[in-house]
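Chains, contacts and geometry: an overview
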Amino acid sequence: MEIISEEILGQTIRAREPMSHKGNYGRVCLIGGDQHYGGAIILASQAAVHSGAGLVTTATMKVNHGPLHARLPEAMVVDWSESDRLTTSIQQATVILIGPGLGLATDSLTLLKRTLMLLTKGQICLIDGSAITLIADYRLTLPDGPTYIFTPHEKEWERLSGLLIENQDRESNRLSVNQLKGIVVLKKHRTEVYLADGIWQNPLGTAAMATGGMGDTLAGMIAGFVAQFPLNNAILAAVYLHSYIGERLGKAHYVVLPSELITHISSLMKRFEGN
Ligand SMILES: NC(=O)C1=CN([C@@H]2O[C@H](COP(=O)(O)OP(=O)(O)OC[C@H]3O[C@@H](n4cnc5c(N)ncnc54)[C@H](O)[C@@H]3O)[C@@H](O)[C@H]2O)[C@@H](O)CC1
Ligand SMILES: Nc1ncnc2c1ncn2[C@@H]1O[C@H](COP(=O)(O)OP(=O)(O)O)[C@@H](O)[C@H]1O
Ligand SMILES: [Mg+2]
């Protein structure tokens, strides 16, 4: 197992080409946010935009449209029950993130199944929060073709892998990850990233980050990073930078609010950008 270090940031976050445009920085489609958890998809969308994703579309329950637009006019919004528009947004996306605040209702399950069916080869699909729980509860199989990134916390990983939290050692995790045919970001105090060819541990992070919405924020950051940078490095850099900011803010704050962390992403990306 290797430890992620600060060099990953300069190696991954590149200075932008002068002639580039938003189309060069990925189209991210985020799906989630029911009537109870609108904040989760708002945070994920903000994190994707602040990480530099070129175009962001958020498919969420209609009740969340006003709040999302008020906080993040950069995002386009789709009513997740409008199936034609949703289909187009998913088909046009280079990166799809499903799960933050999706909820576990029948409609959410239907939406998840429809999304999975629409995915094609070359797309990157991040699976977080409720989407992980639904896949575990209903034993959904994921179509071959897309690249899958799961971002479970330990309890979600227990549901998905069948491994009790106390049995989640690296060897057992590796075997379960291999069966999933995806990348797993196992979130905890010292988050572990299971790539196809190795396991990486994040050395950063603090209990000041233990507050609702912090994982939704990480999911949005990973989505923004994989939309722009090479896959494995993008995941490692997003995980590292999320905790780097969290630790810095945690020195002066008892609790770090995800919405505050998000406001620091872009300035730190600028500080660490490589050529
Ligand atoms: N503002 C919002 O709208 C929020 C919405 N959220 C959404 O709520 C849905 C349910 O997610 P939750 O994670 O809250 O609920 P879950 O029921 O999936 O998991 C939370 C439980 O797991 C346990 N647990 C064990 N190890 C853990 C670890 N390392 N990290 C975190 N929890 C651990 C906790 O004690 C807790 O009881 C998701 O869709 C999520 O995106 C949450 O992110 C909270 C904030
Ligand atoms: N004690 C801690 N030390 C380091 N990181 C933490 C700690 N508690 C939470 N985090 C981080 O905060 C995030 C929490 O994710 P998650 O539980 O999915 O939150 P939510 O679903 O509420 O958004 C993860 O990235 C996790 O690593
Ligand atoms: Mg979560």
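Definitions and cut-offs
- Residues numbered from 1 in each chain as written.
- Chains lettered and ligands numbered in written order.
- Predicted model: local features only at pLDDT ≥ 70, side-chain atom pairs only at ≥ 80, totals over all residues.
- UniProt positions renumbered as here; feature names shortened; annotations may be inferred.
- Helix = DSSP H or I, 4+ residues; strand = E, 2+ residues; numbered from the N terminus.
- Rg over C-alpha atoms; globule rule 2.2 N^0.38 Å.
- Buried ≥ 20, exposed ≤ 12 C-beta atoms within 10 Å, placed from the backbone.
- Contact = placed C-beta atoms within 7 Å.
- Core = buried A, V, L, I, M, F, W, Y, C linked by C-beta atoms within 7 Å.

Taking an unreviewed UniProt entry as the reference, the chain is identified by name as ADP-dependent (S)-NAD(P)H-hydrate dehydratase belonging to Vagococcus allomyrinae. Here is the UniProt Cofactor (unreviewed entry) comment for the chain, exactly as written: "Mg(2+)".

A separate point is the overall build of the chain. Each helix and strand in the chain was counted, giving 12 helices and 10 strands. Relative to the compact-globule value of 19 Å for 275 residues, the chain shows a C-alpha radius of gyration of 17 Å, a close match. Along the longest, intermediate and shortest principal axes, the C-alpha atoms of the chain span 45 × 45 × 35 Å. In the chain, buried positions account for 48% of the 275 residues. For the chain, contacts bridging at least 24 residues in sequence account for 71% of all contacts bridging at least 6.

Our next topic: the nonpolar core. Among the nonpolar cores identified, the biggest contains 87 residues, and Val28, Ile222, Ala223, Ile235 and Ala237 are the most heavily contacted of them. Sort the elements by how many residues they give to this core and helix H10 (residues 231–250) lands first, with 10 residues. With residues up to four places along the chain from it excluded, the contact list for Ile235 reads Ile149, Ile183, Val185, Val193, Ile222 and Val226.

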